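Descriptive analysis of the structure
As a plain string of letters, each chain reads:
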Amino acid sequence: NAGVTQTPKFRILKIGQSMTLQCTQDMNHNYMYWYRQDPGMGLKLIYYSVGAGITDKGEVPNGYNVSRSTTEDFPLRLELAAPSQTSVYFCASSQGGVSEAFFGQGTRLTVV
Amino acid sequence: EDKVVQSPLSLVVHEGDTVTLNCSYEVTNFRSLLWYKQEKKAPTFLFMLTSSGIEKKSGRLSSILDKKELFSILNITATQTGDSAVYLCAGNTQGGSEKLVFGKGTKLTVNP
């Protein structure tokens, strides 16, 4: 059972570089989320999607973009990496309604 | 703005102690409250609470929700070193913009 798969697991970026964090789920969930977790902190919502073609900003969207062209995939794009984006990024999905969210294993990103 | 506040932020106990973790929430269109345990990687699901006063139990862990006072507690009895983790509480909104809003977490350390 794959569940939610994130790639890559680790990445080091230089300031100003761009990259895409990939997230895919095989549970046919409508809802998908991107969170970032800074050391000693909880999860902050970056963007979320309630279905293919629909995305919305969360608490900390600046510096990020997302797309949701299919139900399965929800990539997160960093256009101009900054040191403040050094964090662990988690993707999650949910069936919606009264159901839990399932998390990927995270991507540890360092911007130097 | 949706908000979830957990207390204490950090807790150190000895094996065998009982602990109570607190979570208060102010979430628009509240649907449910979820508890997760996070060790080194992704959060893993513990409980989902939707109704007031109904305790959910899993082994030594239990949780209850008070929708009138807008809080939940997570109890762990006879703690073990394997309970050491960050415990995250999340409020789930409902409606067209359904999302999970997380607190900062409580870091529990259980010493032998």
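Computed from a predicted structure; not experimentally measured. Along each chain, the written sequence defines residue order, and numbers are assigned to residues from 1. A letter from A marks each chain and a number from 1 marks each ligand, given out in the order of writing. Predicted model: local features are reported for residues with pLDDT of at least 70 only, side-chain atom pairs are reported and counted for 80 or more only, and whole-chain, interface and lining totals are derived from all residues. To obtain the side-chain values, all non-hydrogen atoms of the structure were used and water was disregarded.

**Details of the pattern of salt bridges**
Any two side chains of opposite charge can pair, so long as their charged atoms come close to each other. Residues and elements named next belong to chain B. Salt bridges are defined as contacts in which a side-chain nitrogen from Lys or Arg sits within 4 Å of a carboxyl oxygen from Asp or Glu. Across all of its chains, the model carries four salt bridges over all chains by this definition. With a shortest N-O distance of 3.6 Å, Asp2 and Lys99 are connected by a salt bridge. Here Lys99 lies in the loop between strand 9 (85-93) and strand 10 (100-102) and Asp2 lies in the segment before strand 1 (3-7), a separation of 97 residues in the sequence. A single burial state applies to Asp2 and to Lys99, both of which are buried. One salt bridge connects Arg60 with Asp83, and the closest N-O pair in it is separated by 2.8 Å. Within this pair, whereas Arg60 is found in the loop between strand 6 (56-58) and strand 7 (61-66), its partner Asp83 is found in the loop between strand 8 (71-76) and strand 9, the two being separated by 23 residues in sequence. A run of H or I in DSSP counts as a helix once it spans at least four residues, and a run of E counts as a strand once it spans at least two, with each numbered from the N terminus. Note on classification: 1.4 Å probe, protein chains only; a residue is buried when its accessible area is under 20% of the maximum for its type, exposed when over 50%, partly exposed between these limits.

**Topic: the interface of chain A and chain B**
Facing the 21 residues of chain A at the interface are 21 residues of chain B. For the pair chain A and chain B, the summed buried area comes to about 1,800 Å², and 59% of that belongs to carbon and sulfur atoms. Polar contacts, as used here, are pairs of N or O atoms within 3.5 Å; protein pairs need one atom able to donate a hydrogen and one able to accept it. Residues neighboring in sequence count only if both atoms are side-chain atoms. If you look at where chain A meets chain B, you find four residue pairs in polar contact (both at pLDDT 80 or more). Going through the elements one at a time, strand 4 (31-37), strand 5 (43-51) and strand 10 (101-103) of chain A are the ones with two or more residues in the side of chain A that touches chain B. Charged means Asp, Glu, Lys or Arg here, nonpolar means Ala, Val, Leu, Ile, Met, Phe, Trp, Tyr, Cys or Pro, and polar covers whatever is left, Gly included. Residues belonging to the side of chain A that touches chain B are distributed by class as follows: twelve nonpolar, seven polar and two charged. The contact criterion used throughout is that any non-hydrogen atoms of two residues lie within 4.5 Å. A quick way to say it: buried area is the sum, across both parts, of accessible area lost when two parts are put together, with a 1.4 Å probe.

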